[in-house]
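Reading the structure
Each chain, written out:
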Amino acid sequence: VTARFAGRPQGRQLVHRTGSGDLWIEGCATHLVPGGRFLANPTAPSTAWPPAARDADIYGNLWALAADPRGAQVLVAPASAPHEWQVSGLAAGAWTWLGCDCVGNVWVAGPTGWRRFCPRHAGIGWVVADGPLAGRKPTAIGRSPADLVMAALSDGDLVELDATADGQTLVRTLGRTPGPV
């Protein structure tokens, strides 16, 4: 890591590339954007080190998981106030994965389940998105070819996630590995 990232990796020392191509390093004070410029990261609310953005939603909000004594806290740097991370409203917990899709949903998952949030309907808050995902643990999250959240599950399934207009979780199996992952 060069000095241009303004810091050194800390915490879990994660490196993330958002869907827009920005490169973030957990613990550093700046991030690299396409074209080679470094920009200052949003300030963090009482975390031990600056979090790295995990993804950006279609509304321009940045999303991160930050270390918390209770597990991980989901943070958002809203498009309307991009210079400061804010607590998202979801209780800190065993969240290990976060991803955004082309429809506007933000998905988080961990050993205790799945949650979904749509900034367009912020008044609804975070919704338990287990449904067909109940008891199924993610081992990786990314974007599918359809630009929806795709998850590799510990049972070997590779699935794409979506939601119906009335908020029901939809899971489409894209493939299966020969064994658990």
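Since the structure is predicted, the reported quantities are computational estimates derived from the model, not experimental observations. (Residues numbered from 1 in each chain as written. Predicted model: local features only at pLDDT ≥ 70, side-chain atom pairs only at ≥ 80, totals over all residues. Heavy atoms only, no water.)

What about the overall build of the chain?
- Helix and strand counts for the chain come out as zero helices and 16 strands.
- Expected size for 181 residues packed as a compact globule is a radius of gyration near 16 Å; at 16 Å, the chain falls within 12% of this value.
- With the C-alpha coordinates of the chain rotated into their principal frame, the extents come out at 45 × 40 × 35 Å.
- Split into buried and exposed, the 181 residues of the chain put 43% on the buried side. (Helix = DSSP H or I, 4+ residues; strand = E, 2+ residues; numbered from the N terminus. Rg over C-alpha atoms; globule rule 2.2 N^0.38 Å. Buried < 20%, exposed > 50% of the residue type's maximum accessible area, 1.4 Å probe, protein only.)

Considering the sheet that holds strand β16 (residues 169-176)
- Spatially, the four strands line up as an open sheet ordered β13-β14-β15-β16, and their pairing is antiparallel. Of all the strands in the sheet, just β13 (138-143) and β16 have a single pairing partner and so form its edges. Each strand axis lies, on average, 25 degrees off the axis of its neighbour in the sheet, ignoring direction.
- Sheet topology places strand β14 (residues 149-153) next to strand β15 (residues 157-163); four bridges connect them, and they run antiparallel. Bridging from a neighbouring strand, Val149 pairs with Leu161 of β15. (Pairing = 2+ DSSP bridges. Axes fitted to C-alpha atoms, helices over the stretch in contact; angles between N-to-C directions.)

Some points on the nonpolar core
- The biggest cluster of nonpolar side chains holds 13 residues, and the ones touching the most others in it are Trp63, Val74, Trp95, Leu98, Val108 and Trp126.
- Mapped onto this core, the elements with two or more residues apiece are β6 (62-68), β7 (71-77), β9 (97-100) and β10 (106-110).
- With three residues, β7 is the single largest residue contributor to this core.
- Listed in part, the 11 residues of the second largest apolar core include Ala109, Ala151, Val159 and Leu161. (Core = buried A, V, L, I, M, F, W, Y, C linked by side-chain atoms within 4.5 Å.)

Some remarks on the side chain of Asp55
- Along the chain, the position of Asp55 falls in strand β5 (residues 53-56).
- Within the local environment of Asp55, its side chain forms a polar contact with the side chain of Arg143, the two groups lying 3.1 Å apart.
- If sequence neighbours within four positions are ignored, Asp55 has contacts with Thr18, Gly19, Asn61, Leu62, Trp63, Leu98, Gly99, Cys100 and Arg143. (Polar contact = N/O pair within 3.5 Å; in protein donor to acceptor, adjacent residues only side chain to side chain. Contact = heavy atoms within 4.5 Å.)

Some details on the pattern of salt bridges
- By the definition in use, this model includes six salt bridges.
- The partner of Arg143 in a salt bridge is Asp55, with the nearest N and O atoms 3.1 Å apart. One end of the pair, Arg143, is in strand β13; the other, Asp55, is in strand β5, with 88 residues separating them in the sequence.
- Three or more residues joined by partner-sharing salt bridges are found here, namely Arg136, Asp155, Asp157 and Arg176. (Salt bridge = Lys/Arg side-chain N within 4 Å of Asp/Glu carboxyl O.)

Notes on the environment of Phe38
- Structurally, Phe38 can be placed in strand β4 (residues 38-40).
- Owing to a relative accessible area of 22%, Phe38 belongs among the partly exposed residues under this scheme.
- When the C-alpha positions of Phe38 and Phe5 are compared, they lie 7.3 Å apart, and in sequence the two are 33 residues distant.
- What Phe38 contacts, discounting residues up to four positions off in sequence, is Thr2, Arg4, Phe5, Thr30, His31 and Leu32.

Remarks on the environment of Asp157
- Within the secondary structure, Asp157 is located in strand β15.
- A relative accessible area of 12% places Asp157 in the buried class.
- On a C-alpha basis, the gap between Asp157 and Thr177 in space is 6.4 Å, while along the polypeptide they are 20 residues apart.
- If we ignore the near neighbours within four places in the chain, the residues touching Asp157 are Arg136, Ala151, Ala152, Thr173, Gly175 and Arg176.
- Among the polar contacts listed, one links the side chain of Asp157 to the side chain of Arg176, at a separation of 2.7 Å.

None of the figures reported here should be taken as evidence of function without further support.
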